[in-house]
Amino acid sequence: MSKFDNILERFSLQSEVIFSGGFCGDKNLGHDQEHNGGHIHYLRSGTLTVIDAEGRKVVFDRPAVILLPFSTTHRIISSETDQAELVCAAIHFSALEQQQLVSSLPKLVCLTLDNTPIANTVEWIFSEVSSGGLGQKSMLGKLCDILLIQMLRTLSQDGVVIEGMLAGLSHPALAPVLVKLQEMPEEAWTLGMMAQGAAMSRSKFAQVFRDTVGQTPNDFLTDLRISLAQQLLVKEKSVGFVANQVGYEHGSVLARVFRKKTGLSPREWVKQFHGDL
């Protein structure tokens, strides 16, 4: 399994198409107080202007995928004379691990289509929106999942992502450690064990890890464990079982760390998660 696959095999998101078709006019999207989500706009034809919360304006006049990975307020504008053929989707990242994937991205990312594999996925999305067949909501969610993974792959290959999970997976010394942490989060990991996996001293490893990933090794491990706990909790596993699976001796310890990271107890978080579906 590749370095990318170790994290992307668990990657999932909730997405909701909020607009599709010909767009002309002016619409506000996003909210600065929201968390764990963003928007993707798929421009098939026409001209679309995007204005961010600081007033910066970007004009797109060719087919493109526009990702705003954070829920900041922005406006989309298109004129009646050159209206945009557009699909807009709201995306929600339900786990900390998924947030780490986009934490180092700019607030606005654009990739032109130009006969790339991403273009094929976008065309499939437009086709699915037009068909209105059974299972459309589920299909569009999976397609958005694929599209975002394609974007992350492209951005990593182009050197855009310089921090965060993807940067760590691209670092020759850190990558094996990150993979082991993902494969065995239940192990009683110490800084020394992680440093040994990277063939570094503890001080050197801690410095390189923080400079590359943007977190201390222990903070990263905690976020990873909470992310994996979330994945198990939504499958209706008990808190005690989940705690043992992700490296905590008792459910009370997991609950304490979980609340510190998310502001909610595991049960409260599960209730909120199902309420958002």
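Our subject is the structure that appears above.
Reference entry: report on the structure contained in this document. Keep in mind that this is a model prediction, so the values were computed, not measured. Note on numbering: residues in each chain are counted from 1, in written sequence order. Only residues with pLDDT of at least 70 are given local features in this predicted model, and only at 80 or more are side-chain atom pairs given and counted; all residues enter the totals for whole chains, interfaces and linings. As a rule here, side-chain values cover all heavy atoms of the structure and leave hydrogens and water aside.

Looking at the pairing of strand β7 (residues 74–78)
Working step 1: Burial classification: accessible surface area is computed with a 1.4 Å probe over protein chains only, and a residue below 20% of its type maximum counts as buried, one above 50% as exposed, and the rest as partly exposed. Where helices and strands are cited, they refer to DSSP runs of H or I of at least four residues and of E of at least two residues respectively, numbered from the N terminus. Burial along β7 is one-sided: His74, Ile76 and Ser78 are buried, while Arg75 and Ile77, pointing the other way, are not.
Working step 2: Two strands pair under a simple rule: DSSP has to find at least two bridges between them. Alignment of strand β2 (residues 25–29) against β7, held across 5 bridges, turns out to be antiparallel. If you follow Gly25 over to β7, its bridge partner there is Ser78.
Working step 3: Note: strand β4 (residues 48–52) against β7, 4 bridges, orientation antiparallel. When the bridges of β7 are listed, Val50 appears paired with Ile76.

Let's talk about the sheet that holds strand β6 (residues 64–68)
Working step 1: In spatial order, the strands read β1-β8-β3-β6-β9; together these 5 strands make up an open sheet with antiparallel pairing. In this open sheet, the two edge strands, each paired with only one partner strand, are β1 (14–23) and β9 (109–112). Mean inter-strand twist for the sheet, computed between neighbouring axes without regard to direction, equals 15°.
Working step 2: As defined by bridge partners, β1 adjoins strand β8 (residues 84–92) across 9 bridges and the pair is classed as antiparallel. Counted as the bridge partner of Glu16 is Ala90 from β8.
Working step 3: Against the sheet, helix α4 (residues 136–157) contacts β1, β3 (37–45), β6, β8 and β9, and its axis sits at roughly 95° relative to β9. Note on geometry: axes are lines fitted to C-alpha atoms, helical ones only across the stretch in contact, with angles between N-to-C directions running from 0 to 180 degrees. We call two residues in contact whenever any of their non-hydrogen atoms come within 4.5 Å of each other.

A look at the pattern of salt bridges
Working step 1: Criterion for a salt bridge: a side-chain nitrogen of Lys or Arg within 4 Å of a carboxyl oxygen of Asp or Glu. Scanning all chains against the criterion turns up 6 salt bridges.
Working step 2: Note that Arg44 is salt-bridged to Glu85, the shortest N-O span being 3.0 Å. With Arg44 in strand β3 and Glu85 in strand β8, the pair connects residues that are 41 residues apart, well separated along the chain.
Working step 3: Among the residues examined, Arg44 registers a relative accessible area of 31% and is labelled partly exposed.
Working step 4: A salt bridge links Arg56 to Asp52, with the nearest nitrogen and oxygen atoms 2.9 Å apart.

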